[in-house]
Amino acid sequence: MAEVYQGSCLCQGIRYEIHGKIGDIVECHCQRCRKANGTAYATNAPIKVADFKIVQGEHLLKKYQSTPTTQRCFCAECGSPIISIKQETPDLYRLRLGTLDTPLTQKPTLHIFTAYKAEWDDICDQRPQYAERPE
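Residues numbered from 1 in each chain as written. Predicted model: local features only at pLDDT ≥ 70, side-chain atom pairs only at ≥ 80, totals over all residues. Heavy atoms only, no water.

Helix and strand counts for the protein come out as one helix and ten strands. For a compact globule of 135 residues, the expected C-alpha radius of gyration is about 14 Å, and the protein comes in at 15 Å, within 12% of that figure. Taking the principal axes of the C-alpha coordinates as reference, the protein spans close to 40 × 35 × 30 Å. Within the protein, the proportion of its 135 residues that are buried is 41%. Pairs at least 24 apart in sequence give 52% of the contacts found in the protein among residues at least 6 apart. Across the protein, the centroid of the 17 positively charged side chains sits 3 Å from that of the 16 negatively charged ones. (Helix = DSSP H or I, 4+ residues; strand = E, 2+ residues; numbered from the N terminus. Rg over C-alpha atoms; globule rule 2.2 N^0.38 Å. Buried < 20%, exposed > 50% of the residue type's maximum accessible area, 1.4 Å probe, protein only. Contact = heavy atoms within 4.5 Å. Lys, Arg positive; Asp, Glu negative; His and termini not counted. Charge placed at Lys NZ, Arg CZ, Asp CG, Glu CD.)

Here we come to the pairing of strand β4 (residues 42-48). Looking at chain direction, strand β3 (residues 25-28) and β4 are connected through three bridges and run antiparallel. For Glu 27, the partnering residue across the bridge sits in β4 and is Thr 43. Examined bridge by bridge, β4 and strand β9 (residues 92-96) share five bridges and lie antiparallel to one another. For Pro 46, the partnering residue across the bridge sits in β9 and is Arg 94. (Pairing = 2+ DSSP bridges.)

Moving on, we get to the environment of Ala 42. Take Ala 42: it is sitting in strand β4. For the pair formed by Ala 42 and Gln 87, sequence separation is 45 residues and the distance between their alpha carbons is 19 Å. Leaving out residues up to four positions away in the same chain, Ala 42 has contacts with Val 26, Glu 27, Cys 28, Cys 33 and Asn 37.

Here we take up the pattern of salt bridges. Tallied over the full model, the rule gives three salt bridges. For Glu 3, the salt bridge goes to Lys 21, with nearest N and O atoms at 3.8 Å. Highlighted residues: Glu 3 in the segment before β1 (4-8) and Lys 21 in the loop between β2 (15-19) and β3, separated in sequence by 18 residues. Accessibility expressed as a relative area gives 33% for Glu 3, which makes it partly exposed. On the basis of relative accessibility, which here comes to 61%, the residue Lys 21 falls in the exposed class. (Salt bridge = Lys/Arg side-chain N within 4 Å of Asp/Glu carboxyl O.)

A few words on the side chain of Asn 44. Following the sequence through the fold, Asn 44 ends up in strand β4. In this structure Asn 44 comes out as buried when scored by relative accessible area, which is 8%. Side chain to side chain, Asn 44 and Arg 96 meet in a polar contact 2.9 Å long. Excluding residues within four positions of it along the chain, Asn 44 makes contact with Asp 24, Ile 25, Val 26, Cys 28, Cys 33, Leu 95, Arg 96 and Leu 97. (Polar contact = N/O pair within 3.5 Å; in protein donor to acceptor, adjacent residues only side chain to side chain.)

Before going further, it helps to examine the nonpolar core. Formed by 21 residues in total, the largest nonpolar core has its most connected members in Ile 18, Ile 22, Phe 52, Leu 95 and Leu 100. Non-local contacts of Ile 22, meaning those with residues more than four positions away in its chain, are made with Tyr 5, Ala 45, Pro 46, Ile 47, Leu 95, Leu 97, Leu 100, Leu 104 and Gln 106. Formed by eight residues, the second largest nonpolar core is a distinct cluster that contains Cys 30, Cys 33, Ala 42 and Phe 113. (Core = buried A, V, L, I, M, F, W, Y, C linked by side-chain atoms within 4.5 Å.)

Structure, rendered in structure tokens:
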């Protein structure tokens, strides 16, 4: 049986489903992720584009070109970040895990861009930390 996850934005205007696996969970501390999420880091995981389906509120999903190769997609009503689209990985989205409604048993695997982490935040776990994106 296929894995099915459901998620939504804060105002519930956008609802989505994922019919497939959620990849390795990464906590990104880069400044763009911090600004896009308003937090110390973003918790993201890759999902296949083909597995992702918006079941309600597609008209509310807005895209912002944050770099020449990255689009950040969010709810136009409440501002919740949903996914990002990276030009170099056209078959994958990066899901913002805070929007999941289905419980997830996976745990984060690593921290990236820790050279840019918020000075007021401490990383208090034993997961690997990378100053930039690991190769």
